[in-house]
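Chain and residue survey
Residue strings, one per chain:
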Amino acid sequence: MRVCIFGTGYVGLVTGTCLAEVGHDVLCIDVDAAKVEGLNRGVVPIFEPGLTPMVQANHAAGRLRFSVDAASGVAHGEVIFIAVGTPPDEDGSADLKYVLAVAASIGMHLDRPAVVVDKSTVPVGTADKVSARIAAELAARGADIAFEVVSNPEFLKEGAAVEDCLRPDRIVIGTDSAAALDTMKRLYAPFNRNHERIVAMDVRSAELTKYAANAMLATKISFMNEISRIAEEVGADVELVRKGIGSDPRIGWGFIYPGAGYGGSCFPKDVQALAKTALQHGVRTRLLDAVEAVNDAQKSHLFELMVRHYGSVSAIRGKTVALWGLAFKPDTDDMREASSRRMLDHLWDAGAKVRAFDPEAIGEAKRIYGERADLVLCDSSTATLDGADALVVITEWKQFRSPDFGALKNALTDAVLFDGRNLYRPADVEAAGVAYYGIGRGRSVRKG
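Analysis parameters
- Residues numbered from 1 in each chain as written.
- Predicted model: local features only at pLDDT ≥ 70, side-chain atom pairs only at ≥ 80, totals over all residues.
- Heavy atoms only, no water.
- Buried < 20%, exposed > 50% of the residue type's maximum accessible area, 1.4 Å probe, protein only.
- Helix = DSSP H or I, 4+ residues; strand = E, 2+ residues; numbered from the N terminus.
- Arc of directions from axis to C-beta.
- Disulfide = S-S within 2.5 Å.
- Axes fitted to C-alpha atoms, helices over the stretch in contact; angles between N-to-C directions.
- Left-handed = near helix turned anticlockwise from the far one by under 90°.
- Contact = heavy atoms within 4.5 Å.
- Nonpolar A, V, L, I, M, F, W, Y, C, P; charged D, E, K, R; others polar.
- Polar contact = N/O pair within 3.5 Å; in protein donor to acceptor, adjacent residues only side chain to side chain.

Here's the deal with helix α14 (residues 362–369)
- Taken together, the buried positions of α14 are I362, A365 and Y369. The buried residues of α14 occupy an angular sector of 55 degrees when projected down its axis, which confines them to one face.
- Just downstream of α14 lies G370, where phi reads positive at about 65 degrees.

In structure tokens form, the structure reads like this:
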């Protein structure tokens, strides 16, 4: 099938590439000429395992192309995806200006029937706005062309997005049109061979499903982080608690890992946007508000443990802190809303210097922070320890999981480790003579 995708960001690029991988003819449109030129040369602007070789192979095969020409994209696509960003507005609601701008372009250039697909994460009711904008542009041209707007939210995890796209656990399609549903079923047939993955519903239910899914996952994370705070105060170990509750199939193991708070491009803005949508319809979201408040507080908690260890904020002035991890999660270079950014701000405000390493996010850190005297971006985790007083681990990259604690003891002036993802057993760290602080590890926190 001929597919056009507006937007070559995270969702658009992964979706377009995976559709090309199964044989569809995909043309991706973006307003960023430099990005488009790079993609046509095989330069992928984001890090996602497996994505770059797949982009290059499908581009070479002629199934995946990139352009800045919106008219050619609309002319190409029998299915036209809108996969542009929906950044949070000042009040926390999703900003739809890019989505509606694409809708206007579709209306200006559409010359035959098509299915328009909302792939971006958008508030309930957006499909109606997209449909109205396309219809207005068609009316201004005096054109009478049939089209359908479908909601098809993405459920991609950064770091596993290619796998999620090629082997989805569900494909949500929101439409009241039997013809549009049939078109989408044909489009996704290669992904739907083993068993039925398509969950068909009305448009508004599909739009809400995406927000509800992310809000549920964020809720589990914040709940576990709140339990971790209780564990610290009562002298319990939250990791043992996690095992005790995760073995209950009604709860399960997913998203119950305590840590330094969630980040990224989805959970923070989607929780806010869902709460804003609810408020606009007269529903007060006490639970969602609490989820966000707990997460915001959790991002500062690791620094609070550092203050507890040193006795005061002023005692941190002049310290050099090794920081392992900058991305908001492993297997990505995305630092949006990352817990590392909150930690960096706290350390700098306290007068500390930072030596940081991340396997993929060094370039993004350079883009965000530029050159500054209190930040050294290192080329390895070992290099961060040079002259460091303390170590903070804030992203759970695999290569950080088994350090030599004896070497840490010798390298760190103050011999203290702050584990923001509970990667280590406190007894192992302390046996090497290194003070250990984790999230919800009550015994170690009280000892410190």
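Don't stop here, the text continues.
Points about the state of the cysteines
- The final tally for this structure, using the stated rule, is zero disulfides.
- No disulfide involves C4; its sulfur sits 7.8 Å from that of C28, the nearest cysteine.
- Overall, the relative accessible area of 0% leaves C4 in the buried class.
- We note that C165 lacks a disulfide partner, and the nearest cysteine sulfur, in C18, lies 3.6 Å from it.
- By relative accessible area, C165 is classed as buried at 14%.

Structural notes on the packing of helix α5 (residues 97–109) against helix α6 (residues 126–141)
- Taken N-terminus to C-terminus, the directions of α5 and α6 make an angle of 35 degrees; their axes are 8 Å apart at the nearest point. Of the two possible hands of crossing, α5 and α6 adopt the one that is right-handed. Contacts between α5 and α6 involve V99, L100, A103, A104, I106, G107, M108 and H109 on the former and, on the latter, T126, K129, V130, R133, I134, E137, L138 and R141.
- Looking at side-chain class alone, the contact of α5 with α6 contains nine nonpolar, three polar and four charged residues.

Topic: the environment of P49
- One can find P49 in the loop between α2 (33–40) and α3 (51–60).
- With 283 residues separating them in the primary sequence, P49 and T332 have C-alpha atoms 8.0 Å apart.
- Sequence-distant contacts of P49, defined by excluding residues within four places in its chain, comprise G159, V162 and D331.

Here we look at the environment of R441
- Locating R441 in the fold gives a position in the loop between β14 (435–437) and α18 (442–447).
- Between the C-alpha atom of R441 and that of P249, which follows or precedes it by 192 residues, the distance is 24 Å.
- When sequence neighbours within four positions are dropped, the list of residues in contact with R441 reads E232, A236, D237, E239, N422, Y424, P426 and Y436.
- Engagement of the side chain of R441 in a polar contact is seen with the backbone oxygen of Y424, the distance being 3.3 Å.
- A polar side-chain atom of R441 sits 3.5 Å from a polar atom in the side chain of Y436.

So far we have only geometry, and geometry alone does not tell us how the molecule works.
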